[in-house]
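Here is how the chains run, residue by residue.
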Amino acid sequence: MKIRDFGVEIWMNAYENDCTYNLAETCVCSLSVGELLALSGQREAVLEELAATRLTYGDIEGSPRLRRAIAGLYRSQPPEQITITNGAIGANALAMLTLVEPGDRVISVLPTYQQHYSIPESIGARVDILQLREEDGWLPDLDRLRQLVKEAGGRVKLINVNNPNNPTGSVMEEPMLRGIVDIAREAGAWLLCDEVYRGLCHEGEPYTASVADLYERGISTGSMSKTYSLAGLRLGWIAGPAGLHGMLSRQRDYHVISVGRLDDLLAAVALESREAISARNLAICREGGRLLEEFVAAQPRISYVKPKGGTTAFLRYDLPMGSEELCRRLQGETGVMLLPGKALDMEGYLRIGYCNDPAITREGLAVFDRWLRQQ
């Protein structure tokens, strides 16, 4: 199988270990094990359980405790419809490898995480892009989505969306999601929503509605990485309709076997403590968002659509250079790391993460501002 180079991951692998100010980070400031245990309020009990855990394969499909905790994130998803994976990256890949065949028609938004269009392309599907536009607040144009379905003769196997969106931070509220569901239902298409940032809406209810709860062919993918600050656990999941789990499991046998028992246990502890983690993380997101808003307001070379959720924003810049050159020069001269829009197939933009350690965000933005004023 041939597949395009993964622009974001190649860039992150090349540059994130050599920066002073990581403004490309997409996780809310990561928790240490000690911080997680403190937030759980049951440090000694968890340590005893960890010490007693034998490092076997454990529950191949994930422990009942973990699957119950994940099911609790949804309105109508029972534990038996939760498939455990290695991160959301594994969840997205597993879902597409299970559902997509050569010759299928797939629709994906752009910008988004590259998996959503490059994996179907590699399988031999035809992928039509639903371009998100800044003037629409980076939200999908449902009339254009209907047109893409019509152009495919109504024969669309899968529609891929992302909510909250990476990289723009736009948020689709339930009425828009239901509009997309109506279009998918009419076409008989599966609807996969990458919800890895679900739980990080900055105002009001932090959790958006999930497509798994809205549609009989709706698939939600999520993980412990972004919303729960535990990327090091490498644990994700798929929630979807009855019958999908069996299909996924037959494909999963070739790729996953099981996740680590320690990861499983710590993920369950975190989800059982999600109110405390959510309060901590939303405070970090709001402070980072305030710092970013002040930076953009004062910086004449930068504009953006203010993000409503997630941990990233998409910055338009006014400089006579490509995004890769800008990011290389900026990091080489100042130690500030950003992600070039070109890595997301969106030249002319920069992705910034503003929910890392607030001190890093504050200092990194100040250094970036000074650098821009020298250009």
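Everything quoted here is computed from the prediction, not taken from an experiment.

A. Region of interest: the packing of aromatic side chains. Inspection of every chain in the model, using the stated rule, returns six aromatic pairs. Aromatic pair W138 and F314: ring centres 5.7 Å apart, planes at 65°, arrangement edge-to-face. With W138 in the loop between β4 (126–131) and α7 (142–151) and F314 in strand β10 (residues 312–317), the pair connects residues that are 176 residues apart, well separated along the chain. On the accessibility criterion, W138 (3% relative accessible area) is buried. The class of F314 is buried, set by a relative accessible area of 1%. Centre to centre, the rings of F314 and Y349 are 4.8 Å apart; their planes meet at 10°, and the pair counts as stacked. Here the residue F314 occupies a position in strand β10, and Y349 occupies one in strand β13 (residues 349–353), the gap between them amounting to 35 residues.

B. Main features of the pattern of salt bridges. If you walk through the whole model with that rule in mind, you get 24 salt bridges. R105 is paired through a salt bridge with D128; the nearest N and O atoms lie 3.0 Å apart. Taken together, the residues span a long stretch of sequence, with R105 in strand β3 (residues 105–110) and D128 in strand β4 at a distance of 23 residues. Judged by its relative accessible area of 10%, D128 is buried. In this structure, D143 and R146 form a salt bridge, with 2.9 Å as the shortest nitrogen-oxygen distance. One end of the pair is D143 and the other is R146, both in helix α7 and three residues apart, which spans about a single turn. If you follow the salt bridges from partner to partner, you end up with E287, R290, E294 and R362 in one network.

C. The packing of helix α5 (residues 87–99) against helix α10 (residues 244–252), seen in detail. Two numbers describe how α5 lies on α10: the axes approach to 9 Å, and their chain directions differ by 100°. When the interaxial angle is binned, α5 and α10 end up roughly perpendicular. Together, L94, A95, L97, T98 and L99 of α5 and L244, M247, L248, Q251 and R252 of α10 make up the contact between the two elements. Residue composition of the contact of α5 with α10, grouped by class: seven nonpolar, two polar and one charged.

D. The layout of surface pockets, seen in detail. Approximately 490 Å³ is the volume found for the largest pocket. Lining of the largest pocket is provided by 24 residues; of these, E9, T26, C27, Y113 and K226 occupy positions nearest its centre. At the level of elements, α1 (7–15) and α5 are the ones that each hand at least two residues to the lining of the largest pocket. With four residues, α5 is the single largest residue contributor to the lining of the largest pocket. Tallied by class, residues from the lining of the largest pocket come to nine nonpolar, eight polar and seven charged. The computed volume of the second largest pocket comes to approximately 290 Å³. Lining the second largest pocket are 18 residues; nearest its centre among them are H202, E203, K306, P307 and K308.

E. Local environment of empty space enclosed by the protein. For the structure shown, the criterion picks out two cavities of 30 Å³ or more. Of the volumes computed, that of the largest cavity is approximately 80 Å³. Lining the largest cavity we find 13 residues, and of these L73, E195, R198, G222 and W237 sit closest to its centre. Ranked by residues supplied to the lining of the largest cavity, first place goes to strand β7 (residues 218–223) with four residues. Counted by class, the lining of the largest cavity contains six nonpolar, five polar and two charged residues. Residue lining of the second largest cavity: V109, L132, W138, P140, V161, N162, N163, N165, S170 and M172, and that is the complete set. Here the lining of the second largest cavity is built from residues that sort into six nonpolar, four polar and no charged.

F. Spatial organisation of the sheet that holds β13. On the basis of which strands lie adjacent, the open sheet formed by four strands has the order β9-β10-β13-β12 and antiparallel pairing. Edge positions in the sheet fall to β9 (302–304) and β12 (339–340), since each of these pairs with one other strand and no more. In this sheet, β10 lies alongside β9 in antiparallel orientation, the contact comprising three bridges. Opposite S303, over in β10, you have R316 as the bridge partner. Seen against the sheet, helix α12 (residues 274–298) touches β9, β10 and β13 and runs at an angle of roughly 130° to β9.

G. The arrangement of α5 in detail. The end-to-end C-alpha distance of α5 is 19 Å, a good match for the 18 Å that 13 residues give at a rise of 1.5 Å each. Taken across its 13 residues, α5 has 10 buried, putting it largely inside the fold. All buried positions along α5 are accounted for by G87, A88, A91, N92, A93, L94, A95, M96, T98 and L99.

About the cut-offs
- The residue count restarts for each chain, going from 1 along the sequence in the order it is written.
- In keeping with the model being predicted, local features are shown solely for residues with a pLDDT of at least 70 and side-chain atom pairs are shown and tallied solely at 80 or more, while totals for entire chains, interfaces and linings include all residues.
- Just so you know, side-chain values use all the structure's heavy atoms and leave hydrogens and water out.
- Stacked, edge-to-face and tilted labels apply to pairs of Phe, Tyr and Trp rings (six-membered ring for Trp) whose centres lie within 6.5 Å, assigned for plane angles under 30 degrees, over 60, and everything in between, in that order.
- Secondary structure elements are defined from DSSP: runs of H or I of at least 4 residues count as helices, runs of E of at least 2 residues count as strands, and each element is numbered from the N terminus.
- Accessible area is worked out with a 1.4 Å probe on protein chains only. A residue is then buried under 20% of its type maximum, exposed over 50%, and partly exposed in between.
- For this document, the term salt bridge refers to a Lys or Arg side-chain nitrogen within 4 Å of an Asp or Glu carboxyl oxygen.
- To define axes, lines are fitted to C-alpha atoms, for helices over the stretch in contact only, and angles between the resulting N-to-C directions are given on a 0 to 180 degree scale.
- Roughly parallel covers angles under 35 degrees, roughly antiparallel covers those over 145, roughly perpendicular covers 65 to 115, and oblique covers all other angles.
- Contact between two residues is taken to exist if any of their heavy atoms lie within 4.5 Å; hydrogens are not considered.
- Throughout, the ten residues Ala, Val, Leu, Ile, Met, Phe, Trp, Tyr, Cys and Pro are labelled nonpolar, Asp, Glu, Lys and Arg are labelled charged, and all others, Gly among them, are labelled polar.
- Using a grid of 1 Å spacing that covers the protein atoms alone, one calls a set of points a cavity when a 1.4 Å probe fits there but cannot get out, and a pocket when the set is open and has protein on both sides within 12 Å along at least five of seven lines; lining residues are those with an atom within 4 Å of a point.
- Grid points are joined across faces, edges and corners, and a volume is the space filled by probe spheres set on the points.
- Pairing between strands requires that DSSP locate at least two bridges from one strand to the other.
- The span expected for a helix works out to 1.5 Å for each residue beyond the first.

As far as function goes, none of this settles anything; it's purely spatial.
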